[in-house]
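Structural characterization, general
The lines below spell out each chain.
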Amino acid sequence: MKTFTSLTLYAAVAAGFAILPSAVSAQTTMAYPEKCKSAGMKMDMSKMDMSGGTPMGEMTDYQKASMDGMKGMHMNMMQGIMKKDADVSFVCGMIAHHMGAISMSEVELKYGDNEEAKQMAQKVIEAQKKEIEEMSKWVDKEVK
């Protein structure tokens, strides 16, 4: 419940600010479309505590990597949903959501031990990248 409350508070704060580009690994290979970013919003994610009350020093490398991915996803998602057009808001929000899924999957591939879970992660990466490409093409075509 504490994490949900932290995430809810984060979402409320983020809605009023611009989101800086993320360091999420999925975004190093697939950029969040410029047309999905909302002008006039600004936020410094380095000051946001997404740890749910757990001191960052007590988190494992896996947890820290997951948290970094969550920050990136939420930053871009908040950008996308601030668009005035419902269709654009949906597609831009989904692009960010899919980038978060890729980031989580990459963390699983790096730190996970279970082969079945790692295979699921690889499938998620492949499917989400394809969908991000499709949605990004739609944004390029439809968003002025």
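The rules behind each value
Counting restarts for each chain: residues are numbered from 1 in the order of the written sequence. Thresholds applied to this predicted model are a pLDDT of at least 70 for local features of residues and 80 or more for the giving and counting of side-chain atom pairs; totals over whole chains, interfaces and linings are not thresholded and use all residues. Just so you know, side-chain values use all the structure's heavy atoms and leave hydrogens and water out. Any carboxyl oxygen of Asp or Glu that lies within 4 Å of a side-chain nitrogen of Lys or Arg is treated as forming a salt bridge with it. Working definition: with a 1.4 Å probe on protein chains only, accessible area under 20% of the residue-type maximum means buried, over 50% means exposed, and in between means partly exposed. Planes of paired rings set the category: under 30 degrees apart is stacked, over 60 is edge-to-face and the rest tilted, where pairs are Phe, Tyr or Trp rings (Trp by its six-membered ring) whose centres lie within 6.5 Å. In DSSP terms, a helix is any run of H or I states spanning at least four residues, a strand is any run of E spanning at least two, and both are numbered starting from the N terminus.

When the charged atoms of two side chains lie near each other, side chains of opposite charge can form a pair. On inspection of all chains with the given rule, the structure shows two salt bridges. The residue lysine 37 makes a salt bridge to glutamate 34 at a minimum N-O spacing of 2.9 Å. A residue is classified by how much of its surface remains accessible, and glutamate 34, at 61% relative accessible area, is exposed. Of the charged contacts in the structure, one is a salt bridge between glutamate 142 and lysine 141, with a shortest N-O distance of 3.5 Å. Here glutamate 142 falls in the partly exposed class, since its relative accessible area comes to 38%. Relative accessible area serves as the criterion here: at 57%, lysine 141 is assigned to the exposed category.

The subject of this paragraph is the packing of aromatic side chains. Scanning the model with the defined rule gives one aromatic pair in all. The interplanar angle of 80° and the centroid separation of 6.1 Å between the aromatic rings of tyrosine 62 and tyrosine 111 together place this pair among those described as edge-to-face. Here tyrosine 62, found in helix H3 (residues 61–81), pairs with tyrosine 111, found in helix H4 (residues 86–111); they are 49 residues apart in sequence, far enough to count as distant. Judged by relative accessible area, tyrosine 62 falls into the partly exposed class, the value being 38%. Of the residues examined, tyrosine 111 reaches a relative accessible area of 32% and is grouped as partly exposed.

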